[in-house]
Amino acid sequence: MDQAGKSRRGDGDRISSLPDCLIHLIMSFLTAQEAVQTCVLSKRWKNLWTTLPFLHFDLSKFKSDEESDDSESEDGGPPDKYNKFRDFVGMTLLLRKASNLHTFHLSCPSMCEWPEYYMFITSWFLCALNHNPQALKIDCTLAGSVPLAVLACASLQDASLSYFSYFKRVPNIKVINLPCLRRLHLSDGDLTHGFVEKLFSGCPMLEFFHMKYCDRELYSINSQSLKYLKAECCNWYKATEKEIVLIDTPNLLSFSDIICLDFTGPKLLLKMPSLTSANIEFERSRSERSYDGKSNILMGLSNVQNLKLSGDGIKVLLETEMLNCPEFSNLKDLSVDSLCLSCLCNLLASFLNHCPNLVKLSLHHSGISYCKRGKILF
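Quick caveat: nothing in here was measured; it's all calculated off a predicted structure. (Residues numbered from 1 in each chain as written. Predicted model: local features only at pLDDT ≥ 70, side-chain atom pairs only at ≥ 80, totals over all residues. Heavy atoms only, no water.)

Details of helix α2 (residues 20–27)
Here is step 1: Residues of α2 that are buried include every one of I23, H24 and M27, and no others. Around the axis of α2, the buried residues are gathered within 105 degrees of arc, so they sit on the same side. (Buried < 20%, exposed > 50% of the residue type's maximum accessible area, 1.4 Å probe, protein only. Helix = DSSP H or I, 4+ residues; strand = E, 2+ residues; numbered from the N terminus. Arc of directions from axis to C-beta.)

Quick look at the side chain of S155
Here is step 1: Assignment of secondary structure puts S155 in the loop between α6 (147–150) and β4 (158–162).
Here is step 2: For S155, a relative accessible area of 18% puts it in the buried group.
Here is step 3: There is a polar contact of 2.7 Å between the side chain of S155 and the backbone oxygen of P133.
Here is step 4: Not counting the four nearest positions on each side in its chain, S155 is found in contact with N132, P133, Q134 and C180. (Polar contact = N/O pair within 3.5 Å; in protein donor to acceptor, adjacent residues only side chain to side chain. Contact = heavy atoms within 4.5 Å.)

Side note on a nonpolar patch on the surface
Here is step 1: Residues M91, L94 and L95 make up a contiguous nonpolar surface patch of about 310 Å² in total accessible area.
Here is step 2: Mapped onto the elements, M91 comes out in helix α4 (residues 80–95).
Here is step 3: We classify M91 as partly exposed; its relative accessible area is 46%. (Patch = residues over 30% accessible without salt bridge, like charges linked within 9 Å, V, L, I, M, F, W, Y side chains within 5 Å. Areas by Shrake-Rupley, 256 points an atom, 1.4 Å probe, with all protein chains shown as cover. Salt bridge = Lys/Arg side-chain N within 4 Å of Asp/Glu carboxyl O.)

Here's the deal with the packing of aromatic side chains
Here is step 1: Tallying each qualifying case throughout the model produces nine aromatic pairs.
Here is step 2: With 6.2 Å between their ring centres and 70 degrees between their planes, Y82 and Y117 make a pair best called edge-to-face. In this pair, Y82 sits in helix α4 while Y117 sits in the loop between β2 (103–107) and α5 (118–129), placing the two residues 35 residues apart along the sequence. The same class applies to Y82 as to Y117, namely buried.
Here is step 3: Considering the side-chain rings of F200 and F209, the 5.4 Å spacing of their centres and the 85 degrees angle between planes classify their relative orientation as edge-to-face.
Here is step 4: The exposure class of F200 is buried, given its relative accessible area of 5%.
Here is step 5: Members of the aromatic cluster, each reached through a chain of ring pairs, are F57, F62, F85, F88, F104 and W124.
Here is step 6: When the ring centre of F120 is taken as origin, the NZ or CZ atom of R86, which lies over that ring, is 5.3 Å away.
Here is step 7: For the cation-ring pair, R183 lies above F208, with the distance from its terminal atom to the ring centre recorded as 4.1 Å. (Phe/Tyr/Trp six-rings, centres within 6.5 Å; stacked < 30°, edge-to-face > 60°. Lys NZ or Arg CZ within 6 Å of the ring centre and 35° of its normal.)

Here's the deal with the pattern of salt bridges
Here is step 1: As enumerated under the stated definition, the model contains seven salt bridges in all.
Here is step 2: With a closest N to O distance of 3.1 Å, E207 and R182 form a salt bridge. A residue pair is termed long-range when its members are at least 10 positions apart, and E207 in the loop between α7 (193–201) and β6 (208–217) and R182 in the loop between β4 and β5 (183–191) qualify at 25 residues.
Here is step 3: For E207, a relative accessible area of 25% corresponds to the partly exposed category.

Section: the sheet that holds strand β10 (residues 244–248)
Here is step 1: Spatially, β7-β10-β12 is the arrangement adopted by the three strands of the open sheet, whose pairing is parallel. Of all the strands in the sheet, just β7 (221–222) and β12 (267–271) have a single pairing partner and so form its edges.
Here is step 2: The pairing of β10 with β12 spans five bridges and is classified as parallel. Paired with D248 across the bridge in β12 is K271. (Pairing = 2+ DSSP bridges.)

Here we look at the environment of P53
Here is step 1: Secondary-structure assignment places P53 in the loop between α3 (32–37) and β1 (54–58).
Here is step 2: Counting along the chain gives 32 residues from P53 to C21, while the straight-line C-alpha distance between them is 9.4 Å.
Here is step 3: Here P53 is in contact with H24, R96, N100, L101, H102 and T103, once residues within four sequence places are set aside.

Brief notes about the confidence of the model for the protein
Here is step 1: Looking at the protein, pLDDT values average 82 and 79% of them are 70 or higher.
Here is step 2: The secondary structure element of the protein with the lowest average pLDDT is helix α1 (residues 3–9), at 45, and the one with the highest is β1, at 95.
Here is step 3: Scored below 50 in pLDDT, residues 368–372 shows 12 contacts in the model against residues more than four places distant or in partner chains. (pLDDT = per-residue confidence, 0-100.)

Digging into the packing of α4 against α5
Here is step 1: It is the contact of α4 with α5, at a shortest axis distance of 11 Å, that shows an interaxial angle of 25 degrees. One element, α4, and the other, α5, form an angle in the roughly parallel class. Handedness of the α4/α5 crossing: left-handed. Seen from α4, the contacting residues are F85, R86, V89, G90 and L93; seen from α5, they are F120, W124 and C127.
Here is step 2: Across the contact of α4 with α5, the residue classes break down as six nonpolar, one polar and one charged. (Axes fitted to C-alpha atoms, helices over the stretch in contact; angles between N-to-C directions. Parallel < 35°, antiparallel > 145°, perpendicular 65-115°, else oblique. Left-handed = near helix turned anticlockwise from the far one by under 90°. Nonpolar A, V, L, I, M, F, W, Y, C, P; charged D, E, K, R; others polar.)

Quick look at the pairing of β1
The two faces of the sheet receive side chains in turn, since in a regular strand these alternate between them.
Here is step 1: Burial within β1 is extensive, with five of its five residues counted as buried.
Here is step 2: The two faces of β1 match: F54, H56 and D58 on one face and L55 and F57 on the other face are all buried.
Here is step 3: Where β1 meets β2, five bridges bridge the pair, whose relative direction is parallel. Counterpart to H56 in the pairing with β2 is H105.

A short note on the state of the cysteines
Here, the word disulfide means a covalent bond between the sulfur atoms of two cysteines.
Here is step 1: By the definition in use, this model includes zero disulfides.
Here is step 2: Free cysteine C325: the closest other cysteine sulfur is in C355, separated by 7.0 Å.
Here is step 3: Taking the relative accessible area as the measure of exposure, C325 reaches 10% and is therefore buried. (Disulfide = S-S within 2.5 Å.)

Regarding α5
Here is step 1: Under the 1.5 Å per step criterion, the end-to-end length of α5 is 17 Å for 12 residues, consistent within 8% with the ideal 16 Å.
Here is step 2: Inspection of α5 places I121, T122, W124, F125, A128 and L129 among the buried residues, and these make up the whole buried set. Within α5, the buried residues cover an arc of 160 degrees as seen down the axis, which keeps them to one side. (Expected span 1.5 Å × (residues − 1).)

See the structure below:
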């Protein structure tokens with residue numbers, strides 16, 4: 001057969017001819033189990049997985065030989081699938097030849113319900129940290145003092161930790177040293193003000209901080225590097241004893257959070273001169289005495305271009321801070337979501353007088369919305 005015929009037939013393995021670094025990049029989209037299974041493709045692929053710098057262990061995607069492996073054993077022990085997953089992760093880490101890891105992802109929250117696996121999960125976690133990972137994603141409850149090792153991983157640039165209430169159980173964290181960390185996602189855990197303040201002091205490069213489903217104390221934030229701060233479904237469970245809570249983030253661009261307007265709480269000061277986008281839900285105080293406007297919330301938001309206000313505390317905020325309301329000269333897009341828009345009419349009209357360049361106004365009420373485009377004139 002001539003050369004043209006071979007070409008039309010697609011003779012030859014083009015993927016296998018790629019350098020290892022490109023094949024590893026392709027394999028990074030696979031789970032560790034799928035990556036290991038590529039060893040049967042050809043001699044070229046036999047040992048490629050042993051130098052893979054991306055490891056993704058996910059119990060929910062782990063395929064066992066028998067469907068019955070997902071059910072508890074007859075003696076009430078853990079499902080047999082858990083034992084097979086334990087053996088697979090351990091053997092994969094043991095046979096690896098690469099010195100460093102780029103990404104380590106471990107997801108096995110249901111295994112943490114069985115104490116007999118704590119030792120194994122701990123060893124996997126420490127093994128990953130000993131190989132200088134740049135990205136770390138952990139979806140399981142870690143036992144003992146292992147999490148402290150995360151707080152001193154000099155190579156770490158991107159971290160996502162779920163079910164991290166262990167930080168609350170370790171109150172004596174003295175030093176956090178994450179010099180390269182740029183992105184941090186925390187979910188399903190507890191945040192004390194002491195831990196958060198040490199976190200920012202130990203992360204000089206942190207740009208993105210995302211919290212989700214967290215219970216937290218009021219805390220101050222002082223960061224020169226932070227650009228994006230977001231909190232989703234996070235509750236305040238205890239006020240700090242400090243008289244002033246300061247969020248000093250001169251380079252922050254985007255801010256999304258819940259602010260409780262509490263008369264008995266500390267004074268909240270916002271220093272965000274670079275802020276361009278904010279999404280704030282205001283909660284009204286549950287105490288008998290109302291918010292007295294001692295914070296500078298509107299002043300701290302006055303440089304934004306896009307602003308969304310929501311919650312039952314909007315009325316309280318505007319009533320108390322309108323007298324000293326600053327000029328929102330950069331504001332182009334304003335969205336207000338309230339259960340009682342009629343209660344806000346006069347206050348909102350007054351606020352709009354401080355927004356000379358507003359282009360878009362959106363009002364939302366119980367699923368009914370009204371949007372006005374064009375320059376708003378009053």
